[in-house]
Amino acid sequence: MTTSHKLTTVRALRSQARKHIEHGAVTAGYNADRAKVLKLLNEALATEIVCVLRYRRHHFMARGIHGQSVGAEFLVNSKEEQGHADLLAARIVQLGGEPDFSPDSLSQLSYAEYVSAKTLPNMIRENLVAERIAIDSYRDMVLYLGDKDPTTSDLLKKILAVEEEHADELADLLEDLPKDSGGR
Ligand SMILES: [Fe+2]
Ligand SMILES: [Fe+2]
């Protein structure tokens, strides 16, 4: 493997670290397009929040013999999506941006939709669709970042792995659900 990256001298490291110290974690070596990264992170944040809300609604609305167990799963996922939202918001601030928690922008920024759904199979299906959207969008962002912002990239990969688990669980739930379990 060949790499064109030349190590920065200690002297240069020390001198560039003293410039713009008000930028905190964003140093001269930050190679990504910060504005673009902040935009993507805010879109991911909105997606996570919409997923928190959808899972929350489905948790309370899950009915039928499988309602309790599946509904409990929805609550677990809702809390994990909230955790993702918090990680993304913290990274946005670290990069000198502002996390957008405004209810008015959520559905516009979110990649996934808020679908209320009435029956258990439809709830599972809608959550699975949203997870698949999240998976593709995170994978896309990781590829876009390449090695330009390894911290953000690692964070997104960590979240991506959990979304893949969610999607896998939901696909299993959908398969296990008897066909007459109220899906219309
Ligand atoms: Fe998530
Ligand atoms: Fe998820």
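Residues numbered from 1 in each chain as written. Chains lettered and ligands numbered in written order. Predicted model: local features only at pLDDT ≥ 70, side-chain atom pairs only at ≥ 80, totals over all residues. Heavy atoms only, no water.

**Side note on the overall build of the protein**
Here comes step 1: Scanning the protein from N- to C-terminus turns up 6 helices and 0 strands.
Here comes step 2: Each helix (α) and strand (β) of the protein, taken in turn from the N terminus, gives the series α-α-α-α-α-α.
Here comes step 3: Taking the principal axes of the C-alpha coordinates as reference, the protein spans close to 70 × 40 × 20 Å.
Here comes step 4: Burial statistics for the protein: of 184 residues in total, 38% are counted as buried. (Helix = DSSP H or I, 4+ residues; strand = E, 2+ residues; numbered from the N terminus. Buried < 20%, exposed > 50% of the residue type's maximum accessible area, 1.4 Å probe, protein only.)

**Focus: helix H3 (residues 67-94)**
Here comes step 1: For H3, which comprises 28 residues, the first-to-last C-alpha distance of 40 Å matches the rise-based estimate of 40 Å (1.5 Å per residue) to within 8%.
Here comes step 2: Trailing H3 by a residue or two, Gly96 shows a phi angle of about 85°, which is positive. (Expected span 1.5 Å × (residues − 1).)

**Looking at the coordination of the iron ion (ligand 1)**
Here comes step 1: Binding of the iron ion (ligand 1) to the protein goes through Glu48 (OE), Glu48 (OE), Glu81 (OE), His84 (ND1) and Glu163 (OE), at separations of 1.9 to 2.4 Å.
Here comes step 2: Mapped onto the sequence, the residues coordinating the iron ion (ligand 1) show the spacing E-x32-E-x2-H-x78-E.
Here comes step 3: The distance between the iron ion (ligand 1) and the iron ion (ligand 2) comes to 3.9 Å, with Glu81 serving as a donor to both metals. Here the residue His84 occupies a position in helix H3, and Glu163 occupies one in helix H6 (residues 150-176), the gap between them amounting to 79 residues. Like His84, the residue Glu163 is buried in the burial classification. (Donors = N, O, S within 2.8 Å, 3.2 Å for Na, K, Ca; no water.)

**Notes on the coordination of the iron ion (ligand 2)**
In ideal tetrahedral geometry, four donors around a metal make angles of 109.5 degrees, whereas ideal octahedral geometry with six donors gives angles of 90 or 180 degrees.
Here comes step 1: Protein ligation of the iron ion (ligand 2) involves Glu81 (OE), Glu131 (OE), Glu131 (OE), Glu163 (OE) and His166 (ND1), the donor distances falling in the range 2.0 to 2.2 Å.
Here comes step 2: Positions of the donor residues of the iron ion (ligand 2) along the chain correspond to the pattern E-x49-E-x31-E-x2-H.
Here comes step 3: Judged by relative accessible area, which is 1%, Glu81 ranks as buried.

**A few points about the pattern of salt bridges**
Here comes step 1: All told, the structure shown has 4 salt bridges when counted by the stated rule.
Here comes step 2: One salt bridge in this structure joins Arg139 and Asp136, with 3.1 Å as the shortest N-O distance. Linking Arg139 with Asp136, this pair stays in helix H5 (residues 120-145), spanning 3 residues, or about one helical turn.
Here comes step 3: Judged by relative accessible area, which is 48%, Asp136 ranks as partly exposed.
Here comes step 4: Accessibility expressed as a relative area gives 38% for Arg139, which makes it partly exposed.
Here comes step 5: When salt bridges that share partners are traced, they join Asp136, Arg139 and Glu164 into one network. (Salt bridge = Lys/Arg side-chain N within 4 Å of Asp/Glu carboxyl O.)

**Some thoughts on the environment of His58**
Here comes step 1: Take His58: it is sitting in helix H2 (residues 34-61).
Here comes step 2: Taking the C-alpha atoms as reference points, His58 and Asn122, separated by 64 residues in sequence, lie 9.9 Å from one another.
Here comes step 3: At 3.0 Å, the side chain of His58 forms a polar contact with the side chain of Asn127. (Polar contact = N/O pair within 3.5 Å; in protein donor to acceptor, adjacent residues only side chain to side chain.)

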